[in-house]
Amino acid sequence: MFKESAQKTKYRKRSAAAALIVLSLLAAGCGSASKIEHAEHAATNGKEAAANEHSGHASDAATNAPGNEAAEDHSEHGGKAEIESSDQADVKLEWRYSPESPKPGEETKIELLVSDAAGEPIEKYDVNHEKLMHLIIVSEDLSAFSHIHPDYIGKGKFEVTTAFPQGGSYKLFADFIPTGSSQKTATSLIKADGKKQAAQPLAADATLTKDIDGVAASLDISSLKSGQEVDLTFTLSDAETKKPITDLQPYLGAIGHVVILSEDLNRYLHVHPKEGNESGPTAEFSTSFPEPGIYKIWGQFQRGDKSFIIPFTVELK
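In short, a report on the structure.

Here is what the cut-offs are and how they apply
- Residues numbered from 1 in each chain as written.
- Predicted model: local features only at pLDDT ≥ 70, side-chain atom pairs only at ≥ 80, totals over all residues.
- Heavy atoms only, no water.
- Phe/Tyr/Trp six-rings, centres within 6.5 Å; stacked < 30°, edge-to-face > 60°.
- Helix = DSSP H or I, 4+ residues; strand = E, 2+ residues; numbered from the N terminus.
- Buried < 20%, exposed > 50% of the residue type's maximum accessible area, 1.4 Å probe, protein only.
- Salt bridge = Lys/Arg side-chain N within 4 Å of Asp/Glu carboxyl O.

**What about the packing of aromatic side chains?**
Considering all chains together, one arrives at 13 aromatic pairs under this definition. Consider the rings of Y125 and Y152, whose centres lie 5.3 Å apart with planes at 70°: the pair is edge-to-face. Of the two residues, Y125 sits in the loop between β8 (107–116) and β9 (133–139) while Y152 sits in strand β11 (residues 151–154), which places them 27 residues apart along the sequence. You can call Y125 buried: its relative accessible area is 9%.

**Description of the pattern of salt bridges**
Oppositely charged side chains can form a pair if their charged atoms are brought close together. In the structure shown here, the tally under the stated rule is 10 salt bridges. With its nearest N and O atoms 3.6 Å apart, the salt bridge here joins D205 to K210. The salt bridge partner of K274 is D231, with a shortest N-O separation of 3.0 Å. Taken together, the residues span a long stretch of sequence, with K274 in the loop between β19 (267–271) and β20 (282–288) and D231 in strand β17 (residues 229–238) at a distance of 43 residues. Under the relative-accessibility criterion, K274 is labelled partly exposed at 32%. Where salt bridges share partners, they join E111, K157 and E159 into one cluster.

If you want it as C-alpha cells, here you go:
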C-alpha cells in the first residue's frame, strides 16, 4: 500500500532529477483525496467539505522517459475527450524526486516547481475542489492508484512525501489552475527500484459488480462505443445488509470523482458527477472515451469520514 506523509524535514540524500514539462491546457476542474494505495483495496481517513464544481476534463498524456517528461497542450470540456493541440506553452513544471530511485516503501519527497514561459515562478493558484493541486499516481500495470495533494510552499513550489508500494515504473499526473489561467495537467515518470511484480494482462471485467470494504458496487455504462457521450452510473449498497447506501458524504466538493486511464497510460480523464443526488445510492457521471481499447476506471467516494475506491476495467469498441 502506498503511504502519504506530512513530513517536511530534509532528506540527507537529496539528489533530485529535474525536467521541464509542457502542460496540458484543460477547461474544467478536478479533485479528490486518498492515501496512495492499491486500487483493489483503498481507503483514506479524513473529512472533506463540499463545493459546487462538478465538471471533468481529459488529457492525451504521452509517455516519456524519466527525467525527460513532456506533454502537449490540450483543451477539453465537460469530460469529453476531443483533444486540441497547441504548440505554445505558457506554463512549465519542474519535477524533483528525492531519492531519485526510491526503493519500495521508502519515503520519497516530490517537489513540483511551476514557472511561466520566462522562467519566473507562478505564485498564485485557484482552489480547485478544495485543493490547490491534485496529484494522481498510477503504477504502469494500473494495479496501484493514488490521489494525494501536495502542499503549497510558496514561490511556485509544491511538495509532498509519499512511498511507492512495489518496484517498477509509475506515472504521475499533476492538476492545478494558475490564477488567471485555465486548468493544467502535467505528467512525469519515475521508476522505483526493487523486484517488479509479475504483471497480469489487463482484461475487461466479466461483470461490472464487486464488493470492496463492505460496499457492494455496480457500474452501468450506457454505451461501450468510443468517441461518443457515455453515462457512467455507480450504484452502491451495504455488502452485508444489501440496503442502498444513502449516506455518502461530499468528497472534495462532490458526491464522488472518477479517474479513467487507458491501458497504455496515454489517455487520462478526470470526471466529476452530474448535478443531482448528493448522498447515494447512485452517482452519475458523463464522459467520452477517446478511442477503442481497454480502460481502467476508479470511482472515489466517502462514507463515515472514510474514503474508498471502486475500480472497474472495461473495453471500448
